[in-house]
Amino acid sequence: MSLLDFARGTALQWSLYIFVVGIIWRILGAALVMRRKDMSRARISGAERIKDGAITVMTRSLPPQTFEERVRFSHITGYIWHIGYFLVVLFFVPHILFFQSFLGFDWPGLPNPMILVIGAITLATLVMLLVRRMTHPVLKLISTADDYISWLITALPLITGYMVVARVGLPYETLLGLHVMSFNLVLIWFPFGKLMHVFFIFPSRYNVGAIFARRGVRI
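Counting starts from 1 at the beginning of each chain's written sequence and moves along it residue by residue. Since the coordinates come from a predicted model, pLDDT governs what is reported: local features require at least 70, and pairs of side-chain atoms require 80 or more to be given and counted, while whole-chain, interface and lining totals use all residues. The side-chain numbers reported here are obtained from all heavy atoms of the structure, hydrogens and water having been left aside.

A. Expanded view of unusual backbone geometry. Positive phi values are uncommon outside glycine, yet Arg167 reaches one of about 55°. Checked against the element boundaries, Arg167 lands in the loop between α7 (145-166) and α8 (172-189). The way it works is that DSSP assigns letters per residue, a run of H or I at least four long becomes a helix, a run of E at least two long becomes a strand, and they are numbered from the N terminus.

B. Here's a closer look at the side chain of His95. In this structure, His95 sits in helix α4 (residues 93-103). Throughout, a contact is declared for two residues whenever any of their heavy atoms are within 4.5 Å. In this structure His95 touches Val88, Val89 and His179, once residues within four positions along its chain are discounted.

C. Fine view of the environment of Met196. In this structure, Met196 sits in the loop between α8 and α9 (197-214). Note on Met196: relative accessible area 1%, which makes it buried. Among residues more than four places away in sequence, those in contact with Met196 are Ile23, Arg26, Ile27, Phe190 and Pro191. Only protein chains enter the calculation, and the probe is 1.4 Å; a residue is then buried if its accessible area is under 20% of its type maximum, exposed if over 50%, and partly exposed in between.

D. Looking closely at the pattern of salt bridges. Definition used for salt bridges: Asp or Glu carboxyl oxygen within 4 Å of a side-chain nitrogen of Lys or Arg. Summed over all chains, the structure comprises three salt bridges. For Arg133, the salt bridge is made with Asp147, and the minimal N-O distance between the two is 3.7 Å. A residue pair is termed long-range when its members are at least 10 positions apart, and Arg133 in helix α5 (residues 112-135) and Asp147 in helix α7 qualify at 14 residues. Residue classification places Arg133 among the partly exposed positions, given a relative accessible area of 23%.

E. How the structure looks around the nonpolar core. Counting 21 residues, the largest nonpolar core has Leu126, Leu158, Val186 and Phe190 as its most contacted members. Only α1 (3-34), α3 (65-91), α5, α7 and α8 provide two or more residues apiece to this core. No other element matches α5, which puts five residues into this core. Dropping the residues within four chain positions of it, Val186 is found in contact with Tyr85, Ile153, Pro157 and Leu195. Joining through side-chain atoms within 4.5 Å is the link that ties buried Ala, Val, Leu, Ile, Met, Phe, Trp, Tyr and Cys residues into a set, and such a set is a nonpolar core.

F. Region of interest: the side chain of Ser15. Topologically, Ser15 is positioned in helix α1. Ser15 gets classed as buried once you look at its relative accessible area, which sits at 3%. Of the polar contacts made by the side chain of Ser15, one reaches the backbone oxygen of Ala11; its length is 2.7 Å. Excluding residues within four positions of it along the chain, Ser15 makes contact with Asn184, Leu187 and Ile188. Two N or O atoms form a polar contact when they lie within 3.5 Å of each other; inside protein one atom must be a possible hydrogen donor and the other a possible acceptor, and for residues adjacent in sequence the pair counts only when both atoms belong to side chains.

Okay, structure coming up:
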């Protein structure tokens, strides 16, 4: 069995199992925490809390103007790499064909040259964020192993993807196998590291807004 056969066969299958079970486990854990009874007196109706929670999801997607000058770099680069990563993963035609092989359906892709440019911008942005994390006095102090591991696991599919396109160093099938393995690694790590914020970011913002609204505080 070649590395490519293993990567897109047994390894992918088990990675998907771990991904699905891990996501369910984390979401159930968060749901159980949220079930704790709030002992404060409700100052507004349930409908108002829902509205305030939804508003908080939107308003917290942009930093307050008071802090914009200090966080502008992180704010802009964060959007760049998240959107770029999303486009590369889901709209690169070879990726679409890969997903179609087990999903059973496909969708329109973007031109390959455009994806290569987007991927380069995304990877360059990730490198800038890593350098900033390693040199900024506050970020350096509060960073944990999870931050660096999550960065590496996120960047590896982009790095190996460009190696496949350029056919650098190793036979094409081996490079493709490494690329698929890097994707499997993302699936395995996803539920257990900070990548899980993809599932939690909007529910957590909604929950914060709803809880403060219940107590009569608008944020």
